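In case you want the letters, here they are:
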Amino acid sequence: MTALILAATLATGALLLWPRLAGAPLWRAAVTPLASIIGSGFLVLGPILDSSYGAWAPLVMAALCLVAYGFGAAIRFNIARRAAEAPRTQTEERLETLASWALAFAYFISVAYYLNLFGAFGMRLTPWNDALHARLLTSAMLLAILVIGWTKGFSALERLEQVSVGLKLAIIAGLLAGLIWFFAGKAQAGELLLNPATQTGWAGLALAFGLIVTVQGFETARYLGAEYDPPTRIRAMKIAQGLSTAIYMIYVLLIAYVFAPGTEDLSETAIIGLMALVAPVLPLMLTAAALAAQFSAAVADTGGAGGLISELTSGRLPQRLSYALLVGFGLALTWGFDVFEIISHASRAFAAYYAVQAGIACRGAFAQGRPALAAGFAAMAALGLAITVFGTPVE
């Protein structure tokens, strides 16, 4: 098992370093949204779905991916429309400004989300594996990001983000290889399980609403205009969403039927305990991937938030001051809420952004004389608003 996991990890790492792939513009454009989608969410989503929905977990995962694809379709429509330089109404321009503010606020919460996971995973394999020490580590990382952003900016850390993407994807490949072996062994022994759902009805739906952030990240392709043309960004988003859906579905299918209820207490780091039952090498690998991924994602979103706010305020609020506000907000979330509550708040913030983007797409489709498409985008906007209002955290 260990040999298989390491072989799959190394082979995937070698593939990602292959010059023809690594240098391909379309793949480089797809890596950014792909890494965002299957970053933090991958670590927490499997145990949450397994514990909450049991044998129905793959169906819920498919629904989350389908909803995310619908929001992605709205953003892709807006990219294409802007590229065509179609005339936009004053309402659309105001909605675009509102969407940018919504995204900046979502970044404020997502940085806290990423670094709270960093703190939890950083402490998981140490003698200080408790909420207090996890929050202390999170607070230290928030202050470190503030110091780096305030004094030197984040350009020096761009290489870390590139390395973490490859490391994360390679380790996920190793994890899936180990899970396939483990699942096959359980199936051969007739030990697959059909666990009952513990969250059903409205409670189950509201919980799913609170998990939309775990499949979020595709919208980053919308903001790569300085590097890639619109058709490339649209195709890159489709590739990222397609690959991430395949990875998520395989992962949840493999994890949903092999662990009995109560095998591991549900926590943000439950995946570490579960994967220790699969292979001893996986907890250390996953911890390494988690630390690299969470820090690089936090850096990326801090920089994104600072840039957005500076642009929206026409430079009146400098990026450095934005970083200070973000870190202060992150510290308040860290000490005021647990990780699952922060995940829910982040989901609702991103859902608000997606709702506005879907509203813009609805207006644009209506202006083009495409009422059926406009109705579809209106439905997505309504769904985004419902998620914003009704999403709940894991308890």
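Counting from 1, residues in each chain are numbered in the order their sequence is written. Confidence filtering applies because this is a predicted model: local features only for residues at pLDDT of at least 70, side-chain atom pairs given and counted only at 80 or more, and all residues used for totals across whole chains, interfaces and linings. Hydrogens are left out, water is left out, and the side-chain values use all remaining heavy atoms of the structure.

**Overview of the overall build of the protein chain**
Then comes step 1: A count of helices and strands for the protein chain gives 15 helices and 0 strands.
Then comes step 2: By the compact-globule yardstick of 21 Å for 395 residues, the protein chain fits well, its C-alpha radius of gyration being 20 Å.
Then comes step 3: Along the three orthogonal principal directions, the C-alpha set of the protein chain runs to about 60 × 50 × 45 Å.
Then comes step 4: Relative accessibility thresholds used throughout: buried, under 20% of the residue-type maximum; exposed, over 50%; partly exposed, between the two (1.4 Å probe, protein chains only). Residue burial in the protein chain is summarised as follows: out of 395 residues, 52% are buried. Strands here are runs of E lasting at least two residues and helices are runs of H or I lasting at least four, both read from the DSSP assignment and numbered beginning at the N terminus. Both definitions apply: the radius of gyration is a C-alpha atom measure, and the globule rule equals 2.2 Å times residues to the power 0.38.

**Section: helix 6 (residues 90-124)**
Each full turn of the α-helix corresponds to 3.6 residues, which orients residues three or four apart in the same direction.
Then comes step 1: Between the first and last residue of a helix there are one fewer steps than residues, each counted as 1.5 Å, and that sum is the expected span. Between its first and last C-alpha atoms helix 6 spans 51 Å; for 35 residues at 1.5 Å apiece the expected length is 51 Å, and the two agree.
Then comes step 2: Taken across its 35 residues, helix 6 has 26 buried, putting it largely inside the fold.

**Quick notes on the pattern of salt bridges**
Then comes step 1: Any carboxyl oxygen of Asp or Glu within 4 Å of a side-chain nitrogen of Lys or Arg constitutes a salt bridge here. On inspection of all chains with the given rule, the structure shows 2 salt bridges.
Then comes step 2: A salt bridge links Glu191 to Lys186; the nearest nitrogen and oxygen atoms lie 3.6 Å apart.
Then comes step 3: Here Glu191 falls in the partly exposed class, since its relative accessible area comes to 42%.

**Looking at the nonpolar core**
Then comes step 1: Here, nonpolar core refers to any group of buried Ala, Val, Leu, Ile, Met, Phe, Trp, Tyr and Cys residues whose side-chain atoms link them within 4.5 Å. Counting 121 residues, the largest nonpolar core has Leu49, Met61, Tyr248, Tyr251 and Met275 as the members making the most contacts within it.
Then comes step 2: Per-element accounting of this core gives the leading share, 16 residues, to helix 6.
Then comes step 3: In what follows, a contact means two residues having at least one pair of non-hydrogen atoms within 4.5 Å. For Met275, the residues in contact, after removing those within four places along its chain, are Leu175, Leu179, Ile255, Phe259, Leu282, Pro283 and Leu286.
Then comes step 4: Counting residues in each nonpolar core, the second largest holds 5 residues, with Ala29, Leu224, Tyr228 and Ala236 among its members.

**Comments concerning the packing of aromatic side chains**
Then comes step 1: Stacked, edge-to-face and tilted are the three classes for Phe, Tyr and Trp ring pairs, Trp counted by its six-membered ring, which pair at centre distances within 6.5 Å; planes under 30 degrees apart are stacked, over 60 edge-to-face, the rest tilted. Counted under the stated rule, the structure contains 15 aromatic pairs.
Then comes step 2: With a centroid separation of 5.1 Å and an interplanar angle of 20°, the aromatic rings of Phe71 and Tyr354 are classed as stacked. Taken together, the residues span a long stretch of sequence, with Phe71 in helix 5 (residues 57-83) and Tyr354 in helix 14 (residues 339-367) at a distance of 283 residues. The two residues Phe71 and Tyr354 agree in class, both being buried.
Then comes step 3: Summarising the aromatic geometry, the rings of Trp202 and Phe209 are spaced 6.4 Å apart at their centres and angled 90° between planes, so their arrangement reads as edge-to-face.
Then comes step 4: Among the aromatic residues, ring-to-ring pairing joins Phe71, Tyr107, Phe218, Phe350, Tyr353 and Tyr354 into one connected group.

**Section: the environment of Val394**
Then comes step 1: Residue position: Val394 is located in the segment after helix 15 (371-390).
Then comes step 2: Classification of Val394 as buried rests on a relative accessible area of 10%.
Then comes step 3: The sequence separation of Val394 and Ala352 amounts to 42 residues, and the corresponding C-alpha distance is 20 Å.
Then comes step 4: For Val394, the residues in contact, after removing those within four places along its chain, are Ile48, Leu207, Leu266 and Phe340.

**What about the side chain of Thr138?**
Then comes step 1: Considering the arrangement of structural elements, one finds Thr138 in helix 7 (residues 131-151).
Then comes step 2: The contact partners of Thr138, leaving out residues within four places of it in the chain, are Leu115, Asn116, Gly119 and Thr334.

**Structural notes on the environment of Gly330**
Then comes step 1: Tracing the chain through its elements places Gly330 in helix 13 (residues 319-336).
Then comes step 2: Considered as a pair, Gly330 and Leu143 are 187 residues apart in the sequence and their alpha carbons are 9.9 Å apart.
Then comes step 3: In this structure, Gly330 is in contact with Ala112 and Leu142, ignoring residues within four places of it in sequence.

**So, the packing of helix 5 against helix 10 (residues 230-255)**
Then comes step 1: For helices, the fitted line uses only the C-alpha atoms of the stretch in contact; every axis is such a line through C-alpha atoms, and the angle between N-to-C directions lies from 0 to 180 degrees. Relative to each other, helix 5 and helix 10 sit at 175°, their axes nearing to 10 Å. By the criterion of interaxial angle, the relationship of helix 5 to helix 10 is roughly antiparallel.
Then comes step 2: For the contact of helix 5 with helix 10, the class distribution of residues is 18 nonpolar, 3 polar and 3 charged. Oblique is the label for every angle not falling under 35 degrees (roughly parallel), over 145 degrees (roughly antiparallel), or within 65 to 115 degrees (roughly perpendicular). In this classification, the charged set is Asp, Glu, Lys and Arg, the nonpolar set is Ala, Val, Leu, Ile, Met, Phe, Trp, Tyr, Cys and Pro, and all remaining amino acids, among them Gly, are polar.

**What about unusual backbone geometry?**
Then comes step 1: One non-glycine residue, Ser314, lies in the positive phi region at around 55°.
Then comes step 2: Judged by its relative accessible area of 60%, Ser314 is exposed.

**Let's talk about the confidence of the model for the protein chain**
Then comes step 1: Residue-level pLDDT values for the protein chain average 87, and 96% of them are 70 or greater.
Then comes step 2: Mean pLDDT values over the elements of the protein chain span from 81, in helix 3 (residues 25-37), up to 94, in helix 15. What pLDDT reports is the predictor's confidence in each residue, on a scale of 0 through 100.

**Notes on the packing of helix 12 (residues 282-312) against helix 13**
Then comes step 1: Where helix 12 meets helix 13, the closest approach of the two axes is 8 Å, and the angle between their N-to-C directions is 125°. Regarding the angle of helix 12 to helix 13, the classification is oblique. The chirality of how helix 12 crosses helix 13 is right-handed. Touching Thr302, Gly303, Ala305, Gly306, Gly307, Ile309 and Ser310 of helix 12 are Gln319, Ser322, Tyr323 and Leu326, all from helix 13.
Then comes step 2: Partitioned by chemical class, the residues of the contact of helix 12 with helix 13 number 4 nonpolar, 7 polar and no charged. In this scheme the handedness of a crossing depends on how the near helix is turned from the far one: anticlockwise by less than a right angle means left-handed, clockwise means right-handed.

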